[in-house]
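Each chain, letter by letter, is given below.
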Amino acid sequence: MNGLLFTFLSIPIIATLLPFLPFNHWAVRIFDFPRLQIAILNFLCLVIGWIVLPEPRWLLVILQLLNLICMGYQIWEILAYTRLTRPQVLQYQGDRDQRSISLLTTNVLTPNRQVHKLLSLIEQWQPDVVLTLETDQWWEEKLSSLEDHYPYTVKIPLDNLYGMHLYSCLPLRNTEIRHWVQEDIPSIYTEACLPSGEWIHLYCLHPMPPTPTESATSTQRDAELLLVGQEISDNNQSVLVFGDLNDVAWSTTSRLFQKTSGLLDPRVGRGLYSTFHAKYPFLRWPLDHIYHSNDFMMREIHVLSDIGSDHFPVYGCFQYHPSVEVAQPEPEVEESDHELAQEKIAEAEPEKKVIEEKY
């Protein structure tokens, strides 16, 4: 009995320590995701351990101390995504104008057939830009009615769970379909014209996650995110990056992406905005993201209602406001951050294929 209890008390400790290992295998990297869930397990272990009081007591004290430390660490890791932290992006209070832009991004889940729920949300929220992920030919046909209001489109129907469709009521130019790391994993780069006549840059991403059924490691996902971040840093543009990044905002890679790209996260100081898994409330964390350059301000961001997918859609509305750059600086970056990013990119270099298609 004591052996089983001590094993149970050790599980959240092991789950906390595994991400410190310098390995990209999914069995290690998966523990970057459930920080809140692990913290709750740490707390339960603290309560159960002191209620049961197994022998030997010295081992219990050690495990409980470790659980307490691990719980504190897990909470610290996600603390930025609570209202206990100062927002990274300032709130814009004025009315919508010609410098406002709204977008909706959603992973629809290819076999999902509840397209009416998505269309209803789009009609309700009226975003300027809609990005759908995991969309195949069936989804393309069912979403064709959107083109009456969204005449500017980029369509990549695929049957491999990495199809992607972009619908915009804003004019697009210089559109490219990118394959940053793997030939069968597309992304979209384009420029969108705000009603004010100013052009901004959009990156739509859906890298492959580290899972036993898709990729054994996070190498390709990490490389794609960091390659995008590197390009953004080099070009110093007004940018929105959004999609299902298959990573959580507090992971080492996501933080490195933010530092090297200079992008801001509107969720910091506001909330977790968890989008996956839609069917299991306890196993839920933020996989769908919107990042932007520091010349945008926050209007609103919401996780929307269920559309039959394993992801919830995300809606964000932002205000292009270049003068705000002095009030919300980019994340601090050191030379060691750029070096680490280059190392991670180099790990995927043998498979790297960048294909750009003018659309």
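From a predicted model like this one, the values you see are computed outputs, not experimental measurements.

Notes on empty space enclosed by the protein
Scanning all chains against the criterion turns up one cavity of 30 Å³ or more. By volume, the largest cavity is sized at about 50 Å³. In terms of lining residues, the largest cavity is bounded by Phe33, Pro34, Arg35, Leu36, Gln37, Ile78, Trp250, Leu272, Ser274, Arg284, Trp285 and Pro286. Among the elements that take part in the lining of the largest cavity, helix α3 (residues 35-52) stands out by supplying three residues, more than any other. Along the lines of polarity and charge, the residues of the lining of the largest cavity split into eight nonpolar, two polar and two charged.

Focus on the UniProt feature "transmembrane region" (unreviewed entry) in the chain
UniProt's entry tags residues 6-24, 36-52 and 58-76 with the feature "transmembrane region" (unreviewed entry), counted in the numbering of this structure. In residues 6-24, the share of helix is 63% and the share of strand is 0%. The end C-alpha atoms are 28 Å apart. Across residues 36-52 one finds 100% helix and 0% strand; the C-alpha atoms that close the span lie 24 Å apart.

Here we look at unusual backbone geometry
Here the amide bond leading from Phe276 into His277 is cis, since omega sits at 10°, within 30 degrees of zero. Positive phi values are uncommon outside glycine, yet Asn236 reaches one of about 50°. Position of Asn236 among the secondary structure elements: in the loop between α7 (219-235) and β8 (239-244). One non-glycine residue with positive phi stands out, namely Tyr273, at about 50°. Within the secondary structure, Tyr273 sits in the loop between α8 (252-261) and β9 (288-292).

Rules and cut-offs
- Residues numbered from 1 in each chain as written.
- Predicted model: local features only at pLDDT ≥ 70, side-chain atom pairs only at ≥ 80, totals over all residues.
- Heavy atoms only, no water.
- 1 Å grid on protein atoms, 1.4 Å probe; cavity = no way out; pocket = protein on both sides within 12 Å on 5 of 7 lines; lining within 4 Å.
- Points joined across faces, edges and corners; volume = space filled by probe spheres on them.
- Helix = DSSP H or I, 4+ residues; strand = E, 2+ residues; numbered from the N terminus.
- Nonpolar A, V, L, I, M, F, W, Y, C, P; charged D, E, K, R; others polar.
- UniProt positions renumbered as here; feature names shortened; annotations may be inferred.

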